[in-house]
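Listed below, chain by chain, are the residues.
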Amino acid sequence: MTALIFLTAAAIAIIFAVVAVVHRSPIMNVLALVGMFLAIAMVFAIIGMDFLAAIQVIVYSGAILVLFLFAIMLLDLRRVEGIGEGGVFQLLLGCIAVIGLGGAVVFAAARLSPETGAWVTGAEYGTAYPIGRALTGSHLFAFEFVSVVLAAAIIAAVYLARRDR
Amino acid sequence: MMNADLLISVPYTWVLALSGVLLAIGILGVLLRRNAITIFLSLEIMLNSGTLAFAAFAMHFAAIPGMEATALNGQMFIFFIIAIAAAEAAVGLALFIALHRLKGSIDVDRANILRW
């Protein structure tokens, strides 16, 4: 039953990812990306990472996608281009790279032995409590440093997008 | 909270395989599209495939006694990847707005001032 739910979520994620990459309209790309993020949140929830599933929905589907929609509507994109319009050479090289790199990763994943299984001993390994303890304990420096990085990113974004320079 | 016995039937290799497929789709988008927003969106797909790979191994190590700290480290990495992705999205989209103002288009083939 869990496997069935996982496979459904995985299929939704893959279909939405393909639409996000292939569709001609940028708005459709972004809306498909929302679907993919939600499907990945579903995968996180299935494998027991409740906290990360919530973060995925809040940060990705909430914040990042709104940024994308803002940018697209601000830019007023009239001309849209589909896939493979950059010439046959680009299409050929792209397909070779995808089959090579993606195939290598899937092949490597398939060769790992799943016998050890997905047993979860401490059933609460993905809830907010252990993650919060780790964030304010062993990973405190990284946690604080991320806030500096975010502040720097906001300043950079405001500087780059200001009107008169 | 999910029950431990619900988690038996999903091997971590499946999650890893999903991560690989999403990585391939992301690479496809970066290599074949010329709309900067769509390229950026493909980067987000690849970042998500990275978080899924971390999740797969975190799930794997959570099952092994004595490796719980490693599993928690994997989830920490996912947390920080999501935070960095947010910062990256803000800077990248600001870059595209600046590019659009400069060239009137965000077709990456037209951003070729540095061409030799």
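If you're wondering where the values come from, they're calculated on a predicted model, not measured in any experiment.

Conventions used here
- Residues numbered from 1 in each chain as written.
- Chains lettered and ligands numbered in written order.
- Predicted model: local features only at pLDDT ≥ 70, side-chain atom pairs only at ≥ 80, totals over all residues.
- Heavy atoms only, no water.
- Helix = DSSP H or I, 4+ residues; strand = E, 2+ residues; numbered from the N terminus.
- Buried < 20%, exposed > 50% of the residue type's maximum accessible area, 1.4 Å probe, protein only.
- Contact = heavy atoms within 4.5 Å.
- Areas by Shrake-Rupley, 256 points an atom, 1.4 Å probe, with all protein chains shown as cover.
- Expected span 1.5 Å × (residues − 1).
- Buried area = accessible area lost by both parts, 1.4 Å probe.
- Salt bridge = Lys/Arg side-chain N within 4 Å of Asp/Glu carboxyl O.
- Polar contact = N/O pair within 3.5 Å; in protein donor to acceptor, adjacent residues only side chain to side chain.
- Axes fitted to C-alpha atoms, helices over the stretch in contact; angles between N-to-C directions.
- Parallel < 35°, antiparallel > 145°, perpendicular 65-115°, else oblique.
- Nonpolar A, V, L, I, M, F, W, Y, C, P; charged D, E, K, R; others polar.
- 1 Å grid on protein atoms, 1.4 Å probe; cavity = no way out; pocket = protein on both sides within 12 Å on 5 of 7 lines; lining within 4 Å.
- Points joined across faces, edges and corners; volume = space filled by probe spheres on them.
- Domains from an automatic or database assignment.
- Patch = residues over 30% accessible without salt bridge, like charges linked within 9 Å, V, L, I, M, F, W, Y side chains within 5 Å.

(A) Fine view of the overall build of chain A. Assigned secondary structure in chain A consists of 6 helices and 0 strands. The order of helices and strands in chain A, counted from the N terminus, is α-α-α-α-α-α. Looking at the 165 residues of chain A, the share that counts as buried comes to 36%. Taking the contacts inside chain A whose residues are at least 6 apart along the sequence as the reference set, 62% of them involve residues at least 24 apart. Accessible area for chain A stands at about 9,000 Å²; split by element, carbon and sulfur atoms hold 77% of it.

(B) Highlighting helix H2 (residues 26–46) of chain A. Look at H2 of chain A: 30 Å from first C-alpha to last across 21 residues, which is about the 30 Å you get at 1.5 Å a residue. Among the residues trailing H2 of chain A, Gly48 of chain A stands out with phi positive, at a value near 95 degrees.

(C) Fine view of the interface of chain B and chain A. In this complex, chain B contributes 75 residues to the contact, which on the side of chain A involves 92 residues. Summing both sides of the interface, chain B and chain A together bury roughly 7,500 Å²; the carbon and sulfur share of this comes to 77%. At the junction of chain B with chain A, the criterion picks out 0 salt bridges. Here chain B and chain A share 7 residue pairs in polar contact (both at pLDDT 80 or more) between them.

(D) How the structure looks around the pattern of salt bridges. All names here are of chain B. Inspection of every chain in the model, using the stated rule, returns 1 salt bridge over all chains. Measuring nitrogen to oxygen at the nearest pair gives 3.9 Å for the salt bridge that ties Asp107 to Arg34. Taken together, the positions of Asp107 in the segment after helix H3 (68–103) and Arg34 in the loop between helix H1 (12–32) and helix H2 (36–62) put the pair 73 residues apart, joining distant regions of the chain. The buried category is assigned to Asp107, whose relative accessible area is 11%.

(E) How the structure looks around the packing of H2 of chain B against H3 of chain B. All names here are of chain B. At their nearest, the axes of H2 and H3 sit 8 Å apart, and the two run at 175 degrees to each other. Regarding the angle of H2 to H3, the classification is roughly antiparallel. When grouped by side-chain class, the residues that make up the contact of H2 with H3 number 18 nonpolar, 5 polar and 3 charged.

(F) View of the packing of helix H1 (residues 2–22) of chain A against H1 of chain B. Put simply, H1 of chain A and H1 of chain B touch, their axes get as near as 9 Å, and they point 5 degrees apart. In terms of their interaxial angle, H1 of chain A and H1 of chain B are classed as roughly parallel. Taking contact as the criterion, the partners of Ala3, Phe6, Leu7, Ala10, Ala13, Ile14, Ala17, Val18 and Val21 of chain A in H1 of chain A are, on H1 of chain B, Trp14, Val15, Leu18, Val21, Leu22, Ile25, Leu28 and Gly29 of chain B. Residue composition of the contact of H1 of chain A with H1 of chain B, grouped by class: 16 nonpolar, 1 polar and no charged.

(G) Examining the layout of surface pockets more closely. Estimated volume of the second largest pocket: approximately 160 Å³. Taken together, Ile55, Val59, Phe143, Val146, Ser147 and Leu150 of chain A together with Phe79, Ile82, Ala83 and Ala86 of chain B make up the lining of the second largest pocket. Those elements giving two or more residues to the lining of the second largest pocket turn out to be helix H3 (50–75) and helix H6 (140–161) of chain A together with H3 of chain B. Taken together, the residues that form the lining of the second largest pocket break down as 9 nonpolar, 1 polar and no charged.

(H) Here's a closer look at the domain arrangement of chain A. Split by domain assignment, chain A resolves into domain 1 (1–98) and domain 2 (127–165). The C-alpha centroid of domain 2 of chain A is placed 24 Å from the C-alpha centroid of domain 1 of chain A.

(I) Fine view of a nonpolar patch on the surface. Residues and elements named next belong to chain A. On the surface, a nonpolar cluster with roughly 420 Å² of combined accessible area is contributed by Met1, Leu4, Ile5 and Met42. Take Ile5: it is sitting in helix H1. The exposure class assigned to Ile5 is partly exposed, which follows from its relative accessible area of 36%.

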